[in-house]
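Remarks on the overall topology
Residues per chain, in single letters:
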Amino acid sequence: MDAIPAFFSTHLTLIYFLYGLAFFVTGVVVWLEASRSSELPLARAMPFLAIFGIVHGTHEWVEMFYLMANGSLRPFPHVLRILILACSFGLLVEFGLRMLSGNGWRYAWPARAALWALFLIGMGYITYTWGEAMDAWVNAADVWCRYCLAVPGAVLAAGGLHRQSQTLPSTDRGSSWALRAVGLAFLLYGVPGQVFVGPSLLPPSTVVNSLLFLRLFHFPVQLWRTLMALSLIHISEPTRLGMISYAVFCLK
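The paragraphs below set out a description of the structure included in this document. (Residues numbered from 1 in each chain as written. Predicted model: local features only at pLDDT ≥ 70, side-chain atom pairs only at ≥ 80, totals over all residues. Heavy atoms only, no water.)

For helix H3 (residues 46-69), which comprises 24 residues, the first-to-last C-alpha distance of 35 Å matches the rise-based estimate of 34 Å (1.5 Å per residue) to within 8%. Directly after H3, the chain includes Asn70, whose backbone phi takes a positive value near 60°. (Helix = DSSP H or I, 4+ residues; strand = E, 2+ residues; numbered from the N terminus. Expected span 1.5 Å × (residues − 1).)

Spelled out as structure tokens, the structure:
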């Protein structure tokens, strides 16, 4: 069984490349679809999903270059990477909140304020505790971005897409199925994809982390995230459109 993790570890750079490519393509596809005219207010949420895909795909390529550089880069780019990561997941949170509020959910503003307040408080604690140790700060900040923004963002996006699917007429089963399928992909991307984070000094990532995922399932969590990202651009037979493109088209 050790040969399986060794194989994926050897090809981790390729996994990061595909991971970034999947989200980058998703972002471009959503942007092209969202740029078309629409009378639905939900169309205002789609640019946030598009920019999330592009920014998060770029982040994964940055991580790929870090992996190729084998730790030879200076600390500042690592801080910049954390900023890009937080911005990307913040866009996913905003997409989910706007999807929900567009369907009558009245708690978008309190949820938005609570999430960002919690994120800033957590980053303050991490900076105060490990600010003088760059490696420890970067690892903990990465984990906190995923705990506080990625997981809620994925859940909110899944909830918004599911809620939208319920507003469609019963005769439009194809559209409803596409929205729920994309929502499920986002949910699985967030849980467990962003729960098993990199090891850090921030609990519970000291135990529940990517190393535990590798021991349990014999493949890296990055591959799971890649598979969920690729599922968003899966080619659906009835429409010959990417699933995410089809889902966006359903909102128009």
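Picking up after the structure, the text goes on.
All right, on to a nonpolar patch on the surface then. Taken together, Leu14, Phe17, Leu18, Leu21 and Val25 make up a surface patch of nonpolar side chains, about 360 Å² in accessible area. Mapping Leu18 onto the fold places it in helix H2 (residues 12-34). (Patch = residues over 30% accessible without salt bridge, like charges linked within 9 Å, V, L, I, M, F, W, Y side chains within 5 Å. Areas by Shrake-Rupley, 256 points an atom, 1.4 Å probe, with all protein chains shown as cover. Salt bridge = Lys/Arg side-chain N within 4 Å of Asp/Glu carboxyl O.)

Residues Phe52, Phe95, Phe119, Ile126, Trp137, Trp144 and Phe186 are the most contacted members of the largest nonpolar core, which totals 64 residues. Those elements that place two or more of their residues in this core are H2, H3, helix H4 (75-102), helix H5 (108-130), helix H6 (134-166), helix H7 (173-190), helix H8 (210-217) and helix H9 (221-231). Tallying contributions element by element places H6 first for this core, with 15 residues. Residues in contact with Trp144, not counting those within four places in the same chain, are Leu118, Phe119, Gly122, Met123, Ile126, Leu149 and Leu202. (Core = buried A, V, L, I, M, F, W, Y, C linked by side-chain atoms within 4.5 Å. Buried < 20%, exposed > 50% of the residue type's maximum accessible area, 1.4 Å probe, protein only. Contact = heavy atoms within 4.5 Å.)

Here H5 is 23 residues long and its end C-alpha atoms lie 32 Å apart, about the 33 Å a rise of 1.5 Å per residue gives. The complete set of buried residues in H5 reads Ala108, Arg112, Leu115, Phe119, Gly122, Met123, Ile126 and Trp130.

What follows concerns the state of the cysteines. Going through the model one piece at a time under the given rule, you end up with zero disulfides. No disulfide involves Cys87; its sulfur sits 9.1 Å from that of Cys145, the nearest cysteine. Owing to a relative accessible area of 48%, Cys87 belongs among the partly exposed residues under this scheme. Cys148 provides the cysteine sulfur closest to Cys145, a residue in no disulfide bond, and the two sulfurs are 8.6 Å apart. For Cys145, a relative accessible area of 0% puts it in the buried group. (Disulfide = S-S within 2.5 Å.)

A separate point is the packing of aromatic side chains. This model, assessed by the stated rule, comprises 14 aromatic pairs. On the numbers, 5.6 Å between centres and 90° between planes, the contact of Trp116 with Phe119 is edge-to-face. Placement of the pair is Trp116 and Phe119 together in helix H5, with a separation of three residues, close to one helical turn. Centre to centre, the rings of Phe213 and Phe217 are 4.7 Å apart; their planes meet at 50°, and the pair counts as tilted. With Phe213 and Phe217 both in helix H8 and four residues apart, the pair spans about one turn of that helix. On the basis of relative accessibility, which here comes to 2%, the residue Phe213 falls in the buried class. Residue classification places Phe217 among the partly exposed residues on the basis of a relative accessible area of 42%. One aromatic cluster is present, formed by Tyr19, Phe23, Phe52, Phe89 and Tyr189 through successive ring pairs. Cation over ring: Arg112 sits above Trp109, and NZ or CZ is 4.3 Å from the ring centre. (Phe/Tyr/Trp six-rings, centres within 6.5 Å; stacked < 30°, edge-to-face > 60°. Lys NZ or Arg CZ within 6 Å of the ring centre and 35° of its normal.)

Keep in mind these numbers describe shape, not what the thing actually does.
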